[in-house]
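Fold and contact review
For reference, the chains in residue letters:
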Amino acid sequence: MRALKILVVVMGVMLVIGFVGLIVAIADRVSKKEPLRAGTPPGQPFSAPPIDLPPGAHIESMAAGSDRLVLNLILSDGGHRLLIIDLATGRNLGMIPLHAPP
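Residues numbered from 1 in each chain as written. Predicted model: local features only at pLDDT ≥ 70, side-chain atom pairs only at ≥ 80, totals over all residues. Heavy atoms only, no water.

Here's the deal with the overall build of the protein
- Scanning the protein from terminus to terminus reveals one helix and four strands.
- Of the regular secondary structure in the protein, the N- to C-terminal order runs α-β-β-β-β.
- Scored against the burial criterion, the 102 residues of the protein give a buried share of 14%.
- Long-range pairs, those at least 24 residues apart, make up 15% of the contacts in the protein between residues at least 6 apart in sequence.
- Counting only carbon and sulfur atoms, one obtains 67% of the accessible surface of the protein, whose full area is about 8300 Å². (Helix = DSSP H or I, 4+ residues; strand = E, 2+ residues; numbered from the N terminus. Buried < 20%, exposed > 50% of the residue type's maximum accessible area, 1.4 Å probe, protein only. Contact = heavy atoms within 4.5 Å. Areas by Shrake-Rupley, 256 points an atom, 1.4 Å probe, with all protein chains shown as cover.)

A closer look at helix 1 (residues 2–31)
- Taking 1.5 Å of rise per residue, 30 residues should cover 44 Å, and helix 1 covers 44 Å from first to last C-alpha, within 8% of that figure.
- Along helix 1, only zero of the 30 residues are buried, which leaves the element largely exposed. (Expected span 1.5 Å × (residues − 1).)

Some remarks on the pattern of salt bridges
- Throughout the structure, instances matching the rule amount to two salt bridges.
- Among the ionic pairs, D86 bridges to R68, the shortest N-O distance being 3.6 Å. Of the two residues, D86 sits in strand 3 (residues 80–86) while R68 sits in strand 2 (residues 68–74), which places them 18 residues apart along the sequence.
- The class for D86 is buried, based on a relative accessible area of 12%.
- Here the residues in one salt-bridge network are D67, R68 and D86, joined through shared partners. (Salt bridge = Lys/Arg side-chain N within 4 Å of Asp/Glu carboxyl O.)

Comments concerning a nonpolar patch on the surface
- Taken together, the side chains of M1, L4, L7, V8 and M11 present a nonpolar region at the surface, about 560 Å² in accessible area.
- Tracing the backbone through its elements, the reader meets L4 in helix 1.
- Overall, the relative accessible area of 51% leaves L4 in the exposed class. (Patch = residues over 30% accessible without salt bridge, like charges linked within 9 Å, V, L, I, M, F, W, Y side chains within 5 Å.)

Some remarks on the sheet that holds strand 4 (residues 92–98)
- With antiparallel pairing, the four strands of this open sheet are ordered in space as 1-2-3-4. If you trace the sheet from one side to the other, it starts and ends with strand 1 (58–64) and strand 4, each paired once. Strand-to-strand twist across the sheet, computed as the mean angle between neighbouring axes with direction ignored, equals 20 degrees.
- Examined bridge by bridge, strand 2 and strand 3 share seven bridges and lie antiparallel to one another. When the sheet's bridge partners are listed, I74 is paired in strand 3 with H80. (Pairing = 2+ DSSP bridges. Axes fitted to C-alpha atoms, helices over the stretch in contact; angles between N-to-C directions.)

Observations regarding the pairing of strand 4
- As judged from the six bridges shared by strand 3 and strand 4, these two strands associate in the antiparallel manner. Looking at the pairing, R81 lines up with P97 of strand 4.
- The loop that links strand 3 with its antiparallel partner strand 4 comprises five residues; one of these, G90, has a positive phi angle of about 80 degrees.

Have a look at this one:
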């Protein structure tokens, strides 16, 4: 019976130590804030160069990742292209033409 009491006390202490460690880890991660991208201070307006679309094209859909914006364009001739934009600079990284299989 005495061994069971010691085991319960030791496990209780381990639970408390683990819980405190978890709280410390969460507080440490919250206190480390990630810097703003592209060097824009808070409250300052964001400006980027304009995005030139091919003549007659329109945006069908878009998707954003952590550092890229992908625009799905429908061209005036019915073709499709993906336009890749860097979110940090607003720079056009390139276009990927999409072709349907024959």
